[in-house]
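Here are the chains, one letter per residue:
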Amino acid sequence: MTAPSVTIARAAGRLSRRLGRGGGTSLPGKVLLKLRPQALSELGRELPRGVTVISATNGKTTTARLVASCAREAGWDLVANTSGANLLSGVATALLDAQGRRPAPEAGLFEVDEAALVEVARQLRPRVLLLMNLFRDQLDRYGELEHLAALWTRMVAELPASATPVLNADDPAISALGAGRRGVLTFGIDDTSVALDALPHAADSTRCRLCAHPLTYDLVSLGHLGHWRCEGCGAARVSPDVRATRVTLHGATGIAVRIETPQGPVEAELPLPGLHNAYNATAATAAAIAMGIAPDAIARGLAASPAAFGRGERVTLDGRRLVLLLAKNPTGANETVRTVLLDPEPPHLLIALNDRTADGHDISWIWDVDYEPLLARAASLTLTGDRAHDLALRMRYAGHPAERMTVIPDPEAALDHAVATAPAGGTLYVLPTYTAMLGLRETLVRRGVAEAFWRER
Ligand SMILES: [Zn+2]
């Protein structure tokens, strides 16, 4: 598509970049959609291998990078959106930027915000739609989980028969989206060694989607994900098509997985820590299989993918290793806690809490996070962000003495304090909410130790 609207929208992007407004990752798309509302479906149709769309409360950015890495290993030329630019306008901007690229991209790969997903899917008509999980997140922005689940149910039902929904069998709400539909590909974790002892406090949808009877879990892996069944109506987790049969957690540095697929096994070591990344790897494998990518390319792609910014990303500052683990909702925060606890050393911690629009104004979720085991082992604790004092209160209620934590609301000063507290050659775990992560990364970029996000590949 070459139309005056494309030219104008691109000029807007160049201007935005020149003015330094966030790399112009969504403005050109906004302009384009204003000038040409049908642009998304027009640009999407030009991609011969079609479009893959990924959505979830947690893990979509990392998983999109893993799928992109697999597709590249298979020799595909992709157009993908930058993490963060995951609304309609961000997707449009990515498609716009790819116009005129030689060789022309063959396929689209987009991670999309949960609330924006229905509209993006309606316009882009994805060939593969990967839906990973629905956790409670930023209630003041999205309304209830139930509402989103109802919208997604209709969206999946309205997909053309040629499209493949790729659904998480371990999430009862996601699994239910495929009811009565043919051609669904399911994924899940079968390795029983990953089990939690009980449903965490933050677990969300633990009632049957069909009859509302409380679900029984034979295994809880993460949040409300696991091997579930309903004693009310007999509904149960299906045995997934793509299943992780072996998950090995290498401390806080990486994982190894063996994943069975209908096309053969995938074995890979990933530099991404924690069980949540085993879910991301399994989801990415399932999506790649649905796209027609071979297991050997998937294995290479998983192994080659670097961390997405702020999600297990590592940088070195003043001789200390910083591990950035985004924690923006109770389930995500519980997984970061679990991941940090994999480190045998007592961890040095910097936890940052903001309550801006992209974080959600309601911070009551911190009371659902099980910080206690982390605090019991913490070597040092620095709290920062707009709501640093609320965090301090939370930690006091967890029984952590005031004299063993430092509250510095200014993030840069807090970062310097936390880095100075960790020993040279040691590791500092940074657990920020979304805008706090962006702020801390800006500091790291300014100090020359991290890449600006719109340049990441
Ligand atoms: Zn039931």
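Each value, and the rule that gives it
Residues numbered from 1 in each chain as written. Predicted model: local features only at pLDDT ≥ 70, side-chain atom pairs only at ≥ 80, totals over all residues. Helix = DSSP H or I, 4+ residues; strand = E, 2+ residues; numbered from the N terminus. Rg over C-alpha atoms; globule rule 2.2 N^0.38 Å. Contact = placed C-beta atoms within 7 Å. Pairing = 2+ DSSP bridges. Buried ≥ 20, exposed ≤ 12 C-beta atoms within 10 Å, placed from the backbone. Domains from an automatic or database assignment. Nonpolar A, V, L, I, M, F, W, Y, C, P; charged D, E, K, R; others polar. Arc of directions from axis to C-beta. Axes fitted to C-alpha atoms, helices over the stretch in contact; angles between N-to-C directions. Parallel < 35°, antiparallel > 145°, perpendicular 65-115°, else oblique.

**Notes on the overall build of the protein**
Point 1. Counting its secondary structure elements, the protein contains 16 helices and 17 strands.
Point 2. Here the C-alpha atoms of the protein give a radius of gyration of 21 Å, agreeing with the 23 Å that 2.2 N^0.38 yields for 457 residues.
Point 3. Its C-alpha atoms give the protein principal-axis dimensions of roughly 60 × 60 × 40 Å.
Point 4. The contacts in the protein between residues at least 6 apart in sequence include a share of 71% that link residues at least 24 apart.

**Focus: the sheet that holds strand E17 (residues 427-432)**
Point 1. Strand order in this open sheet of six strands is E12-E13-E17-E14-E15-E16, and the pairing throughout is mixed. Of all the strands in the sheet, the pair left with one neighbour each is strand E12 (311-317) and strand E16 (406-407).
Point 2. Both strand E14 (residues 348-352) and E17 contribute to a ladder of five bridges, which runs parallel. From the neighbouring strand, Leu350 faces E17, where its bridge partner is Val430.

**Side note on unusual backbone geometry**
Point 1. Between Arg102 and the following residue, Pro103, the backbone shows a cis peptide bond with an omega angle of -5 degrees.
Point 2. Mapped onto the elements of the fold, Pro103 is located in the loop between helix H5 (88-97) and strand E3 (107-111).
Point 3. With phi around 45 degrees, Arg125 is a residue other than glycine that occupies positive phi space.
Point 4. As for its position among the elements, Arg125 is in the loop between helix H6 (117-124) and strand E4 (128-131).
Point 5. For Arg125, a count of 19 C-beta atoms within 10 Å gives the class partly exposed.

**Quick notes on the domain arrangement of the protein**
Point 1. We note that the domain assignment places domain 1 (50-78 + 111-304) and domain 2 (311-455) within the protein.
Point 2. Here the C-alpha centroids of domain 1 and domain 2 sit 27 Å apart.
Point 3. With 25 residues of domain 1 at the interface, the matching set in domain 2 holds 21 residues.
Point 4. For the side of domain 1 that touches domain 2, the secondary-structure elements that each account for two or more residues are helix H4 (60-73), helix H7 (139-142) and helix H10 (275-291).
Point 5. Per-class residue counts for the side of domain 1 that touches domain 2 are ten nonpolar, eleven polar and four charged.

**Comments concerning helix H11 (residues 295-304)**
Point 1. Among all positions of H11, only Pro295, Ile298, Ala299, Gly301 and Leu302 are buried. Axial view of H11: buried residues confined to an arc of 165 degrees, hence all on one face.
Point 2. Tucked inside the fold, the buried residues of H11 contact H4, strand E11 (266-270) and H10.

**Details of the packing of helix H2 (residues 27-35) against H5**
Point 1. Contact geometry of H2 with H5 gives a least axis separation of 7 Å together with a crossing angle of 95 degrees. Accordingly, the angle class assigned to the pair H2 and H5 is roughly perpendicular. Two secondary-structure elements touch here, H2 through Pro28, Gly29, Lys30, Leu32 and Leu33 and H5 through Leu88, Ser89, Gly90, Val91, Ala92, Thr93 and Leu96.

**Comments concerning the sheet that holds E4**
Point 1. With mixed pairing, the nine strands of this open sheet are ordered in space as E2-E3-E1-E4-E5-E6-E9-E10-E11. Of all the strands in the sheet, just strand E2 (78-80) and E11 have a single pairing partner and so form its edges. The average undirected angle you get between the axes of adjacent strands in this sheet is 15 degrees.
Point 2. Judged from the four bridges that link them, strand E1 (residues 51-55) and E4 form a sheet pairing that is parallel.

**Some points on the pairing of strand E7 (residues 215-222)**
Point 1. One ladder, built from six bridges, connects E7 with strand E8 (residues 225-230); its direction is antiparallel. Within the sheet, the bridge partner assigned to Leu222 lies in E8 and is Leu225.
Point 2. Where E7 folds back on E8, the antiparallel hairpin that results is connected by two residues, among which Gly223 adopts a positive phi of roughly 55 degrees.

**Regarding the environment of Gln123**
Point 1. Tracing the backbone through its elements, the reader meets Gln123 in helix H6.
Point 2. Overall, Gln123 belongs to the buried group, with 20 C-beta atoms counted inside 10 Å.
Point 3. Look past the residues within four positions of Gln123 in its chain and what remains in contact with it is Leu40 and Ser41.

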